[in-house]
Amino acid sequence: MFRTEERNSHFRSAIGLAELIYFSTVRSVRKTHRNAFIGLATNLMQTIVFVAAFYLMFSVLGLRGNAIRGDFILYLLSGIFLFLTHTKAVGAIMGSEGPTSAMMKHAPMNTAIAIMSAALSSLYIQVLSAAFILFMVHVVWHPVVIYKPIPTIGMFLLAWFSGVAVGMVFLAMKPWLPGVASTLAMVYSRANMIASGKMFVANTMPGYILAFFDWNPLFHCIDQARGFAFINYNPHFSSISYPLTIAVVLLMVGLMGEFYARKNASLSWTAGR
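Computed from a prediction, not measured in an experiment: that's the story for all the values here.

Novice: Hey, could you run me through the overall build of the chain in this one?
Specialist: A count of helices and strands for the chain gives nine helices and zero strands. Walking the chain from its N terminus toward its C terminus, one meets helices and strands in the order α-α-α-α-α-α-α-α-α. Here the chain holds 273 residues, and the buried ones make up 42% of them. The contacts of the chain with a sequence gap of at least 6 include a subset with a gap of at least 24, amounting to 74%.

Novice: I tried to follow the packing of aromatic side chains on my own but got confused; where do I start?
Specialist: Think of a pair of aromatic rings as described by two things: how far the centres are apart, and how the planes are tilted against each other in angle. With the rule as written, the count across this model stands at nine aromatic pairs. Between Tyr-55 and Phe-72, the aromatic rings sit 5.7 Å apart at their centres with planes inclined by 55°, giving tilted as the arrangement. Of this pair, Tyr-55 sits in helix H2 (residues 36–61) while Phe-72 sits in helix H3 (residues 72–94), and the two are 17 residues apart along the sequence. With relative accessibility at 26%, the residue Tyr-55 sits in the partly exposed group. Centre to centre, the rings of Trp-176 and Tyr-260 are 5.9 Å apart; their planes meet at 35°, and the pair counts as tilted. With Trp-176 in the loop between helix H5 (149–173) and helix H6 (178–195) and Tyr-260 in helix H9 (residues 241–263), this residue pair connects regions lying 84 residues apart in the sequence. With relative accessibility at 42%, the residue Trp-176 sits in the partly exposed group. Of the aromatic side chains, those joined through ring pairs into one cluster are Tyr-55, Phe-72, Tyr-75 and Trp-141. A cation sits over an aromatic face here: Lys-198 above Phe-83, 4.0 Å from the ring centre. Here the basic side chain of Arg-226 rests over the ring of Tyr-75, its NZ or CZ set 4.0 Å away from the ring centre.

Novice: I keep staring at the packing of H5 against helix H8 (residues 217–229) and nothing clicks. Help me out?
Specialist: A pair of packed helices is characterised by two quantities: the angle between their axes and the separation of those axes. Contact geometry for H5 and H8: axes closest at 8 Å, N-to-C directions at 170°. In terms of orientation, H5 and H8 fall into the roughly antiparallel class. Of the residues in H8, those touching H5 at Pro-151, Thr-152, Met-155, Leu-158 and Ala-159 are Leu-218, Cys-221, Gln-224, Ala-225, Phe-228 and Ala-229. Here the residues of the contact of H5 with H8 sort into nine nonpolar, two polar and no charged.

Novice: Explain the packing of H3 against H5 here, please?
Specialist: Running from N to C, H3 and H5 cross one another at 30°; their axes reach a closest spacing of 7 Å. Viewed along their axes, H3 and H5 adopt a mutual orientation that is roughly parallel. The way H3 lies across H5 gives a crossing that is right-handed. Mapping the contact onto sequence places Phe-81, Leu-82, Thr-85, His-86, Ala-89, Val-90, Ile-93 and Met-94 in H3 and Met-155, Phe-156, Ala-159, Trp-160, Ser-162, Gly-163, Val-164, Val-166, Gly-167, Met-168, Phe-170 and Leu-171 in H5.

Novice: How should the environment of Leu-120 be read in this particular structure?
Specialist: If you trace the backbone, Leu-120 turns up in helix H4 (residues 111–141). With 31 residues separating them in the primary sequence, Leu-120 and Ala-89 have C-alpha atoms 8.8 Å apart.

Novice: Is there a simple way to explain the side chain of Ser-129 in this structure?
Specialist: Assignment of secondary structure puts Ser-129 in helix H4. Among the polar contacts listed, one links the side chain of Ser-129 to the backbone oxygen of Ile-125, at a separation of 2.8 Å. Leaving out residues up to four positions away in the same chain, Ser-129 has contacts with Leu-40, Asn-43 and Leu-44.

Each value, and the rule that gives it
Residues numbered from 1 in each chain as written. Predicted model: local features only at pLDDT ≥ 70, side-chain atom pairs only at ≥ 80, totals over all residues. Heavy atoms only, no water. Helix = DSSP H or I, 4+ residues; strand = E, 2+ residues; numbered from the N terminus. Buried < 20%, exposed > 50% of the residue type's maximum accessible area, 1.4 Å probe, protein only. Contact = heavy atoms within 4.5 Å. Phe/Tyr/Trp six-rings, centres within 6.5 Å; stacked < 30°, edge-to-face > 60°. Lys NZ or Arg CZ within 6 Å of the ring centre and 35° of its normal. Axes fitted to C-alpha atoms, helices over the stretch in contact; angles between N-to-C directions. Parallel < 35°, antiparallel > 145°, perpendicular 65-115°, else oblique. Nonpolar A, V, L, I, M, F, W, Y, C, P; charged D, E, K, R; others polar. Left-handed = near helix turned anticlockwise from the far one by under 90°. Polar contact = N/O pair within 3.5 Å; in protein donor to acceptor, adjacent residues only side chain to side chain.

In C-alpha cells, the structure reads:
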C-alpha cells in the first residue's frame, strides 16, 4: 500500500555502481579457482617459470651481455611483468561475459560492468604477483633498486591499458566471427613472445630489425619502463605517446563495436556453443 520513494542522486548511483563493479571483480578473480590464494599462487608460479626459463636461456646462450648493465634479474622482470600484464588483460577482456550471458538477466548487470570487472581483476592479480616477487627477490636474493619507481609503475599500467584496448577490439569481433577472433587473439599473444621485445633492448637493435618491433605498443612500454627502471639506460627508439595513442584509438573502436553488437545481440549466438 504505502511505500517510500527514494530519489537516486548521482552520488548514490556512483556508489551503487562502484559496489557492483567491486563484487563483479571479486567474482571474476575467483573464476580460475574458488580459493583466491590458489589462483594467485598459480599466477605466481607462471611468472616464476617465465623468469627461470629466460634466466637459463640467457645464461646458456651467453646473451647476458646484451642486457642493460645493472641488475639482470630486474631486466628480466621488467619485461616479463609487462608482457604478462598485457597478455592477461587481452585474455580477460576476451573472456568477459557478453550481452547474451546469463548474468545479464540480472537488472543492474550490463556488459560495461562485466568488461570493467574483468580488466580490474586481471590488474589486481598481476599487481599482487609483481609486488610479491619483487619483495621476495629483495629480501631473499639481493636488494632491488628501481631508479624511477613511479614512472615505471606508470608503464606497467600503460601495458595493462593497451592490453585492455586490444582485448576490446577482439571482444567486438567475437559475436560476429568467434573463431576468427579467438584465432587472432591467440596469434597476437604468441607473436608477443618475440615482438614484445622483452628479450632485447631497442637501443642495441639494427634499424632493419627494429622495424619488426616498432609497431607493437607493448614493445614501447617495455623499453620505456627499462629507461625508468635503470639509471644507465636512455631509450631513443621508443615513446610513451605511441602506445597511449594506439590504446585510446583501439579502445574507442572496440567500445563502438561492442555497443553495436550489444544492440543487435541474439540468444542464437550462444546456441550450440
